[in-house]
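Architecture at a glance
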Amino acid sequence: MDREATSDGHAGLSRRAFLRGALAAGAGLLLCPVPQSVRAAVPPVRRRLAFYHTHTEKNLELTYAIGRIYNPVAMNQLNAYLGDFRTGEIHPIDPQLMDILWALQKRIGGRGVFSVISGYRSPYTNAALKRRSRGVAGNSLHMQGKAIDVRFSEVASEALRDYAIDLQAGGVGFYPDSDFVHLDTGRVRTW
């Protein structure tokens, strides 16, 4: 062990030996699981999102979850906000869809506004849109509250698509002519 005399004449650890010991202890801490009592003391992460609906021109900003707990009041607000604006129908939105948006927001830089082009679609609305466009799926996950079409204020839609593909969390479609990204909680796939 490296020892050297201190200013009071006693033998002590050299700076080099002290640093080696500190680094080894630090590495040991990284390998040890965090005790439950310590984890309980860490405050749960608040998952907050902000939206602007391009068709209704309404804004919504809310904390939809804290830690692993989804806020039922906030989720009901999201269900209504993302409901079919054409028919007025409301359908439960998959909370994992919000988790995808939150993960994208965090990855891009923390804050921003999602511009919503389409959330839940009633079967009636989906059929009408399918008659007008080949890009609308007959069994769309929009009809199950598991899909959303968005832009994000902090990046171009092409970059949002790339971030979403990197997440590998569900389906990602890119519509450059209409400038939006489709996200869903279905199987991982791209188009």
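Residues numbered from 1 in each chain as written. Predicted model: local features only at pLDDT ≥ 70, side-chain atom pairs only at ≥ 80, totals over all residues. Heavy atoms only, no water.

**Some details on the confidence of the model for the chain**
Averaged over the chain, the pLDDT score is 84; the fraction of residues at 70 or greater is 78%. Counting interchain partners and residues more than four positions distant, the pLDDT-below-50 stretch residues 1-11 has 18 contacts. Counting interchain partners and residues more than four positions distant, the pLDDT-below-50 stretch residues 22-32 has 0 contacts. (pLDDT = per-residue confidence, 0-100. Contact = heavy atoms within 4.5 Å.)

**Concerning helix α5 (residues 123-132)**
Within α5, burial applies to Thr125, Asn126, Ala128 and Leu129. Projection of α5 onto a plane perpendicular to its axis shows the buried side chains occupying an angular sector of 165 degrees, all on one side. In α5, the exposed positions that point more than 90 degrees away from the buried face belong to Pro123, Tyr124 and Arg131. (Buried < 20%, exposed > 50% of the residue type's maximum accessible area, 1.4 Å probe, protein only. Helix = DSSP H or I, 4+ residues; strand = E, 2+ residues; numbered from the N terminus. Arc of directions from axis to C-beta.)

**Examining the packing of helix α4 (residues 95-108) against helix α6 (residues 157-167)**
At their nearest, the axes of α4 and α6 sit 10 Å apart, and the two run at 115 degrees to each other. As far as their axial angle goes, α6 and α4 are roughly perpendicular. For the pair α4 and α6, the sense of crossing is right-handed. Residue-level contacts link Ile100, Ala103, Leu104, Arg107 and Ile108 of α4 to Leu160, Tyr163, Ala164, Asp166 and Leu167 of α6. Classifying every residue of the contact of α4 with α6 by side-chain character gives 8 nonpolar, no polar and 2 charged. (Axes fitted to C-alpha atoms, helices over the stretch in contact; angles between N-to-C directions. Parallel < 35°, antiparallel > 145°, perpendicular 65-115°, else oblique. Left-handed = near helix turned anticlockwise from the far one by under 90°. Nonpolar A, V, L, I, M, F, W, Y, C, P; charged D, E, K, R; others polar.)

**Digging into α6**
Buried within α6 we find Ser157, Leu160, Arg161 and Ala164. All buried residues of α6 lie within an arc of 100 degrees about the axis, which places them on one face of the element. Its buried side turned inward, α6 meets α4, β7 (147-152), β8 (171-175) and β9 (180-184). Of the residues trailing α6, glutamine 168 is marked for its positive phi of about 55 degrees.

**What to know about the packing of aromatic side chains**
Under the defined criterion, the tally for this structure stands at 5 aromatic pairs. Ring centres of phenylalanine 51 and tyrosine 81 lie 6.0 Å apart, and the angle between their planes is 45 degrees; this geometry places the pair in the tilted category. Note that phenylalanine 51 is positioned in strand β3 (residues 46-53) and tyrosine 81 in helix α3 (residues 72-81), a separation of 30 residues in sequence. By the ring-pair criterion, three or more aromatic residues cluster together here, those being Phe51, Tyr81, Phe114 and Phe152. (Phe/Tyr/Trp six-rings, centres within 6.5 Å; stacked < 30°, edge-to-face > 60°.)

**A few points about the sheet that holds β3**
The strand order β5-β4-β3-β6-β7-β9-β8-β10 describes an open sheet built from 8 strands, whose pairing is mixed. The sheet terminates laterally at β5 (69-70) and β10 (189-190), the two strands that pair on one side only. The sheet contact formed by β3 and strand β6 (residues 114-118) spans 3 bridges and is parallel. If you follow phenylalanine 51 over to β6, its bridge partner there is phenylalanine 114. (Pairing = 2+ DSSP bridges.)

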